[in-house]
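Coordinate analysis (summary)
These are the residues of each chain, in order.
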Amino acid sequence: MTLPLPWPFDRQYMQLALLSGLVVGACAPLIGTFLVQKRLSLMGDGVGHMAFAGVAAGLLAGVSPLWTALVAAVAGAVTIEWLRLHQRASGDLALAVFFYTGIAGGVVLTGLAGSLNAGVLTYLFGSVLTVSPADARSIFILGVVILAVVAVSWRAMFAVVLDEEAARVAGLPVDALSLGLATLTAVTVVAAMRVVGVLLVAALMVLPVGAAQRLARSFAATLRWAVAVGVGSVVVGLAVARAGGLAPGGTIVLVASATFALTSTIDLGRRRVRAS
Amino acid sequence: MPLTADALRLDDVRYAYGRHAVLDGVSLHVRAGEFVALTGPNGSGKSTLVRVALGLSAPHSGEVHLFGEVPGALRQRWRVGYVPQRAMLVDHLPATVEEVVASGGVARRGWARRPRRDDPVRVDRALEVVALSDQRRVPITELSGGQQQRAFIARALVSEPELLVLDEPIAGVDVESQARFRDALVTRCHQDGVAVLLVSHELGAVADDLDRLVVLRGGRVVFDDTPEKLTAEGVSLGVHRTDLPVWLEGPG
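Heads up: these notes are all about the structure in this document. (Residues numbered from 1 in each chain as written. Chains lettered and ligands numbered in written order. Predicted model: local features only at pLDDT ≥ 70, side-chain atom pairs only at ≥ 80, totals over all residues.)

Some remarks on the packing of helix α1 (residues 12–37) of chain A against helix α6 (residues 133–162) of chain A
Residue and element names in this part refer to chain A.
- Look at α1 against α6: their axes get within 9 Å of each other, and the N-to-C directions meet at 20 degrees. On the basis of the axis angle, α1 is roughly parallel to α6. Where α1 crosses over α6, the two elements pack in a sense that is left-handed. Contact residues: Leu16, Leu19, Ser20, Val23, Cys27, Leu30, Ile31, Phe34 and Gln37 in α1; Pro133, Ala136, Ile139, Phe140, Gly143, Ile146, Leu147, Val150, Met157 and Val161 in α6.
- The residue inventory of the contact of α1 with α6, partitioned by class, reads 16 nonpolar, three polar and no charged. (Axes fitted to C-alpha atoms, helices over the stretch in contact; angles between N-to-C directions. Helix = DSSP H or I, 4+ residues; strand = E, 2+ residues; numbered from the N terminus. Parallel < 35°, antiparallel > 145°, perpendicular 65-115°, else oblique. Left-handed = near helix turned anticlockwise from the far one by under 90°. Contact = placed C-beta atoms within 7 Å. Nonpolar A, V, L, I, M, F, W, Y, C, P; charged D, E, K, R; others polar.)

Section: α1(A)
- For α1(A), spanning 26 residues, the distance from its first C-alpha to its last is 38 Å, which sits close to the expected 38 Å at 1.5 Å a residue.
- The buried fraction of α1(A) is high, at 21 of 26 residues. (Expected span 1.5 Å × (residues − 1). Buried ≥ 20, exposed ≤ 12 C-beta atoms within 10 Å, placed from the backbone.)

Regarding the pairing of strand β8 (residues 212–217) of chain B
Residues and elements named next belong to chain B.
- With respect to burial, β8 is a largely interior element, five of its six residues being buried.
- The pairing of strand β3 (residues 35–39) with β8 spans four bridges and is classified as parallel. Looking at β8, one finds that alanine 37 is bridged to leucine 213.
- Bridge count for β8 against strand β9 (residues 220–225) is five bridges, and the pairing is antiparallel. Bridge pairing in β9 links arginine 217 to arginine 220.
- Between the end of β8 and the start of β9, which pair antiparallel, lie two residues, with glycine 218 showing a positive phi angle near 60 degrees. (Pairing = 2+ DSSP bridges.)

Focus: the nonpolar core
- With 178 residues, the main nonpolar core has A:Ala51, A:Ala73, A:Val190, A:Val201, A:Leu204 and B:Ala154 as its most contacted residues.
- The biggest single contributor to this core is α1(A), with 14 residues. (Core = buried A, V, L, I, M, F, W, Y, C linked by C-beta atoms within 7 Å.)

Observations regarding unusual backbone geometry
- The peptide bond linking A:Trp7 to A:Pro8 adopts the cis configuration, its omega dihedral lying at 15 degrees.
- Turning to its location among the elements, A:Pro8 is positioned in the segment before α1.
- A positive phi angle, close to 55 degrees, is found at B:Ala131, a residue other than glycine.
- Here B:Ala131 is to be found in the loop between α4 (119–129) and α5 (145–157).
- Overall, the presence of 18 C-beta atoms within 10 Å leaves B:Ala131 in the partly exposed class.
- Look at B:Glu168: it is not a glycine, yet its phi comes out positive at around 45 degrees.
- Within the fold, B:Glu168 resides in the loop between β6 (163–167) and α6 (175–191).

Some remarks on the interface of chain A and chain B
- Tallying the contact residues gives 24 residues for chain A and 24 residues for chain B.
- Where the side of chain A that touches chain B is concerned, the elements lending two or more residues are α6, α7 (164–170) and α10 (219–244) of chain A.
- The element that contributes the greatest number of residues to the side of chain A that touches chain B is α6(A), accounting for seven residues.
- Taken together, the residues of the side of chain A that touches chain B sort by class into twelve nonpolar, six polar and six charged.

What to know about the environment of A:Phe219
- Along the chain, A:Phe219 turns up in helix α10.
- Expressed as a C-alpha distance, the spacing of A:Phe219 and A:Pro173, which sit 46 residues apart in the sequence, is 21 Å.
- In this structure A:Phe219 touches A:Phe158, B:Pro94, B:Ala95 and B:Glu99, once residues within four positions along its chain are discounted.

Regarding the sheet that holds strand β5 (residues 80–83) of chain B
Residues and elements named next belong to chain B.
- Pairing is mixed in the open sheet, where six strands are placed in the order β5-β6-β7-β3-β8-β9. The sheet is open, and its two edges are formed by β5 and β9, each paired on a single side. Direction aside, neighbouring strands of the sheet carry axes that sit 15 degrees apart on average.
- When β5 meets β6, the two strands line up parallel, connected through four bridges. Counterpart to tyrosine 82 in the pairing with β6 is valine 165.
- Against the sheet, helix α1 (residues 46–53) touches β3, β6, β7 (195–199) and β8, its axis set at about 150 degrees to β6.
- Running at roughly 145 degrees to β7, α6 makes contact with β3, β6 and β7 of the sheet.

Details of the sheet that holds strand β2 (residues 20–31) of chain B
Residue and element names in this part refer to chain B.
- The antiparallel open sheet is built from three strands, whose spatial order is β2-β1-β4. In this open sheet, the two edge strands, each paired with only one partner strand, are β2 and β4 (61–66). The sheet shows a mean angle of 15 degrees between the axes of neighbouring strands, taken without regard to direction.
- With five bridges joining them, strand β1 (residues 6–17) and β4 adopt antiparallel strand pairing.

Side note on the packing of helix α3 (residues 65–85) of chain A against helix α8 (residues 174–196) of chain A
All names here are of chain A.
- Where α3 meets α8, the axes come as close as 8 Å, and the angle between the chain directions of the two elements is 150 degrees. The way α3 lies across α8 gives a crossing that is right-handed. Where α3 approaches α8, its residues Leu66, Ala69, Leu70, Ala73, Val74, Ala77, Val78, Ile80, Glu81 and Leu85 are matched on the opposing element by Asp175, Ser178, Leu179, Ala182, Thr183, Thr185, Ala186, Val187, Val189, Val190 and Met193.
- Grouping the amino acids of the contact of α3 with α8 by side-chain chemistry returns 16 nonpolar, three polar and two charged.

Okay, here's the thing in structure tokens:
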């Protein structure tokens, strides 16, 4: 079914891309806001590479890559966070271990498939214009789960990212909340794979947050601005990509980068005015 | 004195990093309405003692009780308020003073529950105590170090704890903030009956208000009595006194 939307969203494939992109554009910055405060900005990258191994395993086994990617991403994210919480490895070392293990596993599994599977490339670099109605439905469901969990737990997660030790003393379930955030990161990565690809998914978790931090003066406002920048980047990026015949995943991330640069310039100007 | 009368009680607690004993048979108690300061030279085991007392680290031997319960079994954790050493704020942390203070009340009402009607009143009260009411909507990163520390004290107060543990809360804090800090602690302790354990090198701001002073050295308690007993021996509790390290070496 095609909705009567104006250009550039007048075709069904663009509407499916828009629906998937809006979900990812809202969810990725939402989760990213907490990761950035925890100094785990690159967690999306590490988990994305685990998801890549899951995609390759799914294509090799002939099962849906979305769900094998979800299993691999959740397992990787939870293990990274467990290692960090129990001080078995620093956050960046744990990320690096999974980053390289994931990409190496993906390469080996892809090799086992006999040749470079074209399907793998759609997950590596994203292929939002080929999202099927079934894919869009899966992404939508994952997005609803992410939004519902964040709506319930964002105040507690804020207390944890602000001061993990004080939150633990106060009686908050810090380990459960941290592992929950890691799981949400994995779910977001998997939902975003078809939109921007695993290589760029972390960009949508970080760039809108960086832009929002320069516009907002409160945490609640940062969440709202980050979502607005993420969603705006998706809409503008898809439109520019269609008009110029560009790769949509990369275009969406470039729009987010430009927004970050613009807000940083505005923030710098404001600080100079205040200082003078 | 029955066990439950103590807000905090440590009995013969030992803790070691490898073979290095950090706490060596430490016993300590803080009762409701009592203002106790814990001091000692660097490396004497103060921060480890705080971690063990709060249940963040398990003692290798000995017993720790919070309100008569071992820390892991205390269900009403909100009864314990904790102000850690100067918190490291993330650059560009986009949070207002009000948001930081309100985060201290999440555990008491239940982490998944929405704020209750009286939650803003608790936040107001905590902000008033530390004299930051007019800064409530200011991003916390725009406050001075002393003001930030007062905000973290307010965060600990917002759940209306019955035991307040503060780890070096006024290190490097300006004089005005120290006075505000003192007023906040004395009000909570002597008017509201809150038990206070203050870990600090700088006791000048609260010297006249302390009920007991505990000195830790080499992982052992070497002095546990009224500050008057120490000052009667000519020892000063003043801020940044050059003789401070000397008197810490003296008792015991």
